[in-house]
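# Chains, contacts and geometry: an overview
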Amino acid sequence: MKNIDSIRKDFPILDAKINGHNLIYLDNAATSQTPNCVIDSISDYYKNLNSNIHRGVHFLSQKATEKYENAREKFKEHLNASSTKEIIFTSGTTHSINLVANGFTNSLKSGDEIIVSQLEHHSNIVPWQMLCEKTGAVMKVIPMNNLGELNINAYEALLTNKTKVVFVNHVSNALGTVNPIEQIIEKAHQYGAKVLIDGAQAVPHFHVDVKKLDVDFYVCSAHKLCGPTGVGILYGKQEILEELPPYQGGGEMIDEVTFEKTTYADLPNKFEPGTPNIAGVIASGVALDYINNIGLDNIKKYEDELLVYATEKLKEIEGVKIYGESKNKTSVISFNIGKIHPYDIGSVIDNLGVAVRTGHHCAQPIMDYFKIPGTIRVSFCFYNNFEEIDILMHSLKKAVQMLS
Amino acid sequence: MFDSWMDKYEYLIDLGKNIPKINNENKTDDNIIKGCQSKVWLHATEDSGKVIFFADSDAIITKGIISLLIRTFSGQKPKDIIESDLDFIDEIGLRQHLSPNRANGLNNMIKKIKFYAIGFNKKING
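Parameters and conventions
Residues numbered from 1 in each chain as written. Chains lettered and ligands numbered in written order. Predicted model: local features only at pLDDT ≥ 70, side-chain atom pairs only at ≥ 80, totals over all residues. Helix = DSSP H or I, 4+ residues; strand = E, 2+ residues; numbered from the N terminus. Contact = placed C-beta atoms within 7 Å. Rg over C-alpha atoms; globule rule 2.2 N^0.38 Å. Expected span 1.5 Å × (residues − 1). Buried ≥ 20, exposed ≤ 12 C-beta atoms within 10 Å, placed from the backbone. Arc of directions from axis to C-beta. Domains from an automatic or database assignment. Axes fitted to C-alpha atoms, helices over the stretch in contact; angles between N-to-C directions. Parallel < 35°, antiparallel > 145°, perpendicular 65-115°, else oblique. Left-handed = near helix turned anticlockwise from the far one by under 90°. Nonpolar A, V, L, I, M, F, W, Y, C, P; charged D, E, K, R; others polar. Pairing = 2+ DSSP bridges. pLDDT = per-residue confidence, 0-100.

### Let's talk about the overall build of chain B
Scanning chain B for helices and strands turns up 5 helices and 2 strands. Reading the helices (α) and strands (β) of chain B from amino to carboxyl end gives α-β-β-α-α-α-α. Here the contacts in chain B between residues at least 6 apart in sequence split such that 62% fall between residues at least 24 apart.

The following block contains the structure:
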């Protein structure tokens, strides 16, 4: 792997001073930082390329279209989709999930069942609850155990011929658990149910092959992949996307429009109405190249080392309780110290320049399971180093001293 | 007034430890202040035309902040609370040490305090 010191130089924000301290950024599961090449790509777009895509005959429009479609090609390759028709750009994972959930409005009827897991982020619960309200479908929940792992036997018991959709995250944002989605997908298909996997927390950490997974929908966000905010990726199997009704109407998603009837454009344009986030999509492609240049295998290996080191050091602090102890997890540690409120610790270490997430992490069902108001969550990226973990531990000890 | 943010936090933590505590029976959902990441309860009673506040929080720094506020407002007439200017919050630099989320929680605390004062003012003055 490329040397960490030289990788860190690619990220200008890592030089920031917060309250007089060096920034220690450990909130990567919320959003990753942005390397110079991505920032330059956005700036270059507006300086040299800005135009609207897919409709201009002029040079800039053609050039911008080419770059935009080239980014689609990169994501197609990266996820191993069969065709660029299967890659839809959205504004983020949440938008992608809403697009798919909404698409089931007419095909679900009262009494149909859909299955979610207890480990989900609110964004993979609420759009489906809205679908249930509209259709009368019923939502069932795959339970989890003390280690933060899903109970697959219980899942199998939930599946029936009424099950229409299963939606589970690949990796839990709150705990870092990697879920056995191969099994989840295979079992769902035995009952003819479609499966959506929320991969927002997976794609930054390891390879995902949608063809091998045989997944129907796979969604993720560019901003967790060193890309800009406001870009989401929706993979869907071509034959399913062709059947799925469009989510929003507008320009660019149409074939012919009269006041009597509109026929829709082919994939992927059917799901990309209006002017998309052109600069963001192009920059997302640059971010993907950047990550692939370092190599996801290298990233996984290094992040695992950070996780092991930080977990060991954390356990040395008296009163630490870690939530989510699956053997198969990404570089995320969710924890509390004694009876101290996570918000208090987060506030104190923020003043020492350490950025972590505190609270329920938009996953209240998980906090309810553990009967806690929230946790402190540290999440690592490949640009973090061991020294930063030492500073984190030092800051935590100081916070405990102040707050006890 | 304070040398560093740490002194400020330590002061808030001490204030939190000595908060005029709300009774457990008044820790109802109605008395929870919305918009805070931690739970904050606020209750008020009236005594001889003056408002007395009680509060609690499950987070100690938050408890210090609400403690500071109710120490300022407790024992004052409702009308004075309604008309009070809140520049002191900016003067002591409280807001600048709060994240926007937290500052939002602070605004909601002040709103709830004034809300109680408006209620008692109506009761007293009809």
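### A word on the overall build of chain A
When its secondary structure is counted, chain A shows 14 helices and 17 strands. Taking 404 residues into account, the globule formula puts the C-alpha radius of gyration at 22 Å, and chain A, at 22 Å, falls close to it. Here the C-alpha coordinates of chain A stretch approximately 70 × 55 × 35 Å along the principal axes. Across chain A, every contact between residues at least 6 apart in sequence was considered, and the portion connecting residues at least 24 apart equals 70%.

### Brief notes about helix H2 (residues 36-48) of chain A
Residues and elements named next belong to chain A. Relative to the 18 Å expected for 13 residues at 1.5 Å per residue, H2 spans 17 Å between its end C-alpha atoms, a close match to the ideal helical length. Of the residues making up H2, those classed as buried are Val-38, Ser-41 and Tyr-45. Across the axial projection of H2, the buried residues extend over an arc of 50°, all falling on one side. Opposite the packed face of H2, turned more than 90 degrees from it, sit the exposed residues Asn-36, Ser-43, Tyr-46, Lys-47 and Asn-48.

### Some points on the domain arrangement of chain A
All names here are of chain A. Considered domain by domain, chain A is made up of domain 1 (4-30 + 295-403) and domain 2 (39-292). Computed over C-alpha atoms only, the centres of domain 1 and domain 2 are separated by 28 Å. Contacts between the two partners involve 23 residues from domain 1, matched on the other side by 24 residues from domain 2. By residue number, the principal contributor to the side of domain 1 that touches domain 2 is helix H11 (residues 296-315), which donates 4 residues.

### What to know about the packing of helix H12 (residues 342-350) of chain A against helix H14 (residues 386-403) of chain A
Residue and element names in this part refer to chain A. Packing of H12 against H14 brings their axes to within 9 Å, and their N-to-C directions diverge by 120°. The orientation of H12 relative to H14 falls into the category oblique. Handedness of the H12/H14 crossing: right-handed. Residue-level inspection shows Asp-344, Ile-345, Val-348 and Ile-349 of H12 in contact with H14, the latter providing Ser-395, Leu-396, Ala-399, Met-402 and Leu-403. For the contact of H12 with H14, the residue count by class is 7 nonpolar, 1 polar and 1 charged.

### Structural notes on helix H2 (residues 60-73) of chain B
Helical periodicity: at 3.6 residues per turn, an α-helix aligns residues three or four positions apart in one direction. Residues and elements named next belong to chain B. For H2, which comprises 14 residues, the first-to-last C-alpha distance of 20 Å matches the rise-based estimate of 20 Å (1.5 Å per residue) to within 8%. Burial analysis of H2 places 12 of its 14 residues in the buried class, which makes it a mostly covered element. Of all the positions in H2, only Ile-60, Ile-61, Thr-62, Lys-63, Gly-64, Ile-65, Ile-66, Ser-67, Leu-68, Leu-69, Ile-70 and Phe-73 are classed as buried. Directly beyond the C-terminal end of H2, a positive phi value near 85° is found at Gly-75.

### So, the interface of chain A and chain B
Every contact between the two is made by 12 residues of chain A and, on the other side, 11 residues of chain B. At the level of secondary structure, the elements contributing two or more residues to the side of chain A that touches chain B comprise H12, strand E16 (357-359) and H14 of chain A. With 4 residues, the top contributor of residues to the side of chain A that touches chain B is H12(A). A breakdown of the residues in the side of chain A that touches chain B according to their chemical character gives 5 nonpolar, 6 polar and 1 charged.

### Topic: the environment of Glu66(A)
By the element assignment, Glu66(A) lies in helix H3 (residues 59-79). Counting along the chain gives 149 residues from Glu66(A) to Val215(A), while the straight-line C-alpha distance between them is 28 Å.

### Thoughts on the packing of helix H4 (residues 93-103) of chain A against helix H5 (residues 126-135) of chain A
The description of two helices packed together rests on the angle between their axes and the distance between the axes. Residue and element names in this part refer to chain A. It is the contact of H4 with H5, at a shortest axis distance of 9 Å, that shows an interaxial angle of 20°. Looking at the two axes, H4 sits roughly parallel to H5. In this structure, H4 crosses over H5, and the sense of that crossing is right-handed. Of the residues in H5, those touching H4 at Ile-97, Asn-98 and Ala-101 are Pro-127, Trp-128 and Leu-131. Split by residue class, the contact of H4 with H5 holds 5 nonpolar, 1 polar and no charged.

### Structural notes on the sheet that holds strand E10 (residues 232-236) of chain A
Residues and elements named next belong to chain A. The sheet built from 7 strands is open, its strands ordered E4-E10-E9-E8-E7-E5-E6 with mixed pairing. Because the sheet does not close on itself, it has two edges, and the strands there are strand E4 (87-90) and strand E6 (138-142). Put simply, the sheet's adjacent strands are angled 20° from each other on average, direction ignored. Set on the sheet, H4 makes contact with E4, strand E8 (194-198), strand E9 (217-221) and E10; between it and E9 the angle comes to about 155°.

### Concerning the sheet that holds strand E13 (residues 320-323) of chain A
Two orientations exist for strands paired in a sheet by backbone hydrogen bonds: parallel and antiparallel. Residue and element names in this part refer to chain A. Taken together, 4 strands build an open sheet; the order of strands is E13-E14-E17-E16 and the sheet is antiparallel. Where the open sheet ends on each side, the last strands, each with one partner, are E13 and E16. Put simply, the sheet's adjacent strands are angled 30° from each other on average, direction ignored. Across 4 bridges, the pairing between E13 and strand E14 (residues 332-337) is antiparallel. Looking across to E14, one finds that Ile-322 is bridged to Phe-335. Of the strands in this sheet, E13, E14 and strand E17 (375-379) touch H11, which is tilted by about 5° from E14.

### Focus: the environment of Ile118(B)
All names here are of chain B. By the element assignment, Ile-118 lies in helix H5 (residues 100-125). Judged by local crowding, Ile-118 falls into the partly exposed class, with 14 C-beta atoms found within 10 Å. Along the backbone, Ile-118 and Ile-82 are 36 residues apart, and their C-alpha atoms lie at a distance of 6.7 Å.

### Side note on the confidence of the model for chain B
Residue and element names in this part refer to chain B. Taken residue by residue, chain B gives an average pLDDT of 87. The fraction at 70 or more is 89%. Here helix H4 (residues 87-91) is the element of chain B with the lowest mean pLDDT, 75, and strand E2 (residues 50-57) is the one with the highest, 96. The ipTM for the predicted assembly is 0.83, set against a pTM of 0.93.

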